[in-house]
Amino acid sequence: MSLLRSLRLCLVARTGSCSVRGFGPSTDLPSFKAGSLLQSPQPWHTFHAGPWLSSSASSKELLMKLRRKTGYSFVNCKKALETCGGNLKQAESWLHEQAQKEGWSKAAKLHGRKTKEGLIGLLQEGNTTVLVEVNCETDFVSRNIKFQQLVQQVAFGTMLHCQSLKDQLSTYSKGFLNSSELSELPIGPEREGSLKDQLALAIGKLGENMTLKRAAWVKVPTGFYVGSYVHGATHSPSLHNLVLGKYGAVVICETSEPKANLEDLGRRLGQHVVGMAPLSVGSLDDEPGGEAETKMLAQPYLLDPSITLGQYVQAQGVSVIDFVRFECGEGEEEAEAD
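Residues numbered from 1 in each chain as written. Predicted model: local features only at pLDDT ≥ 70, side-chain atom pairs only at ≥ 80, totals over all residues. Heavy atoms only, no water.

S.K.: I'm lost on the overall build of the protein in this one. Help?
M.R.: A count of helical and extended segments in the protein gives 12 helices and 14 strands. Across the 338 residues of the protein, 50% fall into the buried class. A sequence separation of at least 24 residues applies to 72% of the contacts in the protein between residues at least 6 apart. Taken as a whole, the protein presents about 15900 Å² of accessible surface, with 51% of it coming from carbon and sulfur. (Helix = DSSP H or I, 4+ residues; strand = E, 2+ residues; numbered from the N terminus. Buried < 20%, exposed > 50% of the residue type's maximum accessible area, 1.4 Å probe, protein only. Contact = heavy atoms within 4.5 Å. Areas by Shrake-Rupley, 256 points an atom, 1.4 Å probe, with all protein chains shown as cover.)

Structural data, given as structure tokens:
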């Protein structure tokens, strides 16, 4: 019940860490590019530096340029330039290859260790919304900027995949990606490799086992709206319309006419889904109690238990069509028991 209490207090106070996202299609969000999201990995300190090429100003300039471009340490950049005879492009490729080898080696050693912590990422652009879950071993690592950048990459890759699906929408569409499917997605249009390569790099850097657990996406046409909510949320430092947290929900709604309060309404509906964890939408005819307790519309409304959620949305002139709810780490306990 502590989660429900915190959700209610969060909405009443309208302050705190409970950041939310509004309705996707009704808000024009700026587009983003792969370059704004993907950042170069930091060094693995297992490279051995040999003698430096020379102390000339041109060599030092090459070193500084490679350091700025890749983010690797001076020691590793020196080794790369020495190995590649001062060729900047080859040195950059060599650095990435060595880091990738170290990452895969570390990933193989850590494989099988439990990953109960992590983050949910929610990203909205235009009429498309994605939810992703990336797991790690400890909450400490989930707060690390490198891990959060991995979640960004996964959300971005899922968004690109969803936007690449050419479909003529007459109603909403929803899809899911499992761990294997998510791992095979490309990083982006301007970089080679897949998300599993970025996962290995992150494992090599942070020293914990990690998994790309799942993703969901929703696309809606005109007349449909996607409300969203993330509990315990922080905004991504380099991609402002990505939100990170421990719980996330999107709610697909339909209304016959535009309404001024859709963003606030969508946030409240997402908050209800996170707090009450329904299993299905149900219908307005469902009676409260019994088996209907898992049906969204028959549940007591989280913020006013004297009425049902169905009564609340009916008064707002909105129909709830579907929803998706992610809770970080859910299912891990059952897997351990099996």
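S.K.: What is the right way to look at the pairing of strand β3 (residues 128-136) in this model?
M.R.: On a regular strand, one side chain projects to one face of the sheet and the next to the other, so that they alternate. Of all nine residues that make up β3, nine are buried, and the element is covered over most of its length. Burial along β3 is two-sided: Thr-128, Val-130, Val-132, Val-134 and Cys-136 and Thr-129, Leu-131, Glu-133 and Asn-135, pointing in opposite directions, are all buried. Note that strand β2 (residues 117-125) and β3 share nine bridges and pair antiparallel. Residue pairing across strands places Leu-119 opposite Val-134, the latter belonging to β3. Once β2 ends, the chain turns through two residues before running back antiparallel as β3, passing Gly-126 with a positive phi of about 60 degrees. Summarising the sheet, β3 and strand β7 (residues 211-219) pair through eight bridges and their orientation is antiparallel. Note that in β7 the partner of Thr-128 across the bridge is Lys-219. (Pairing = 2+ DSSP bridges.)

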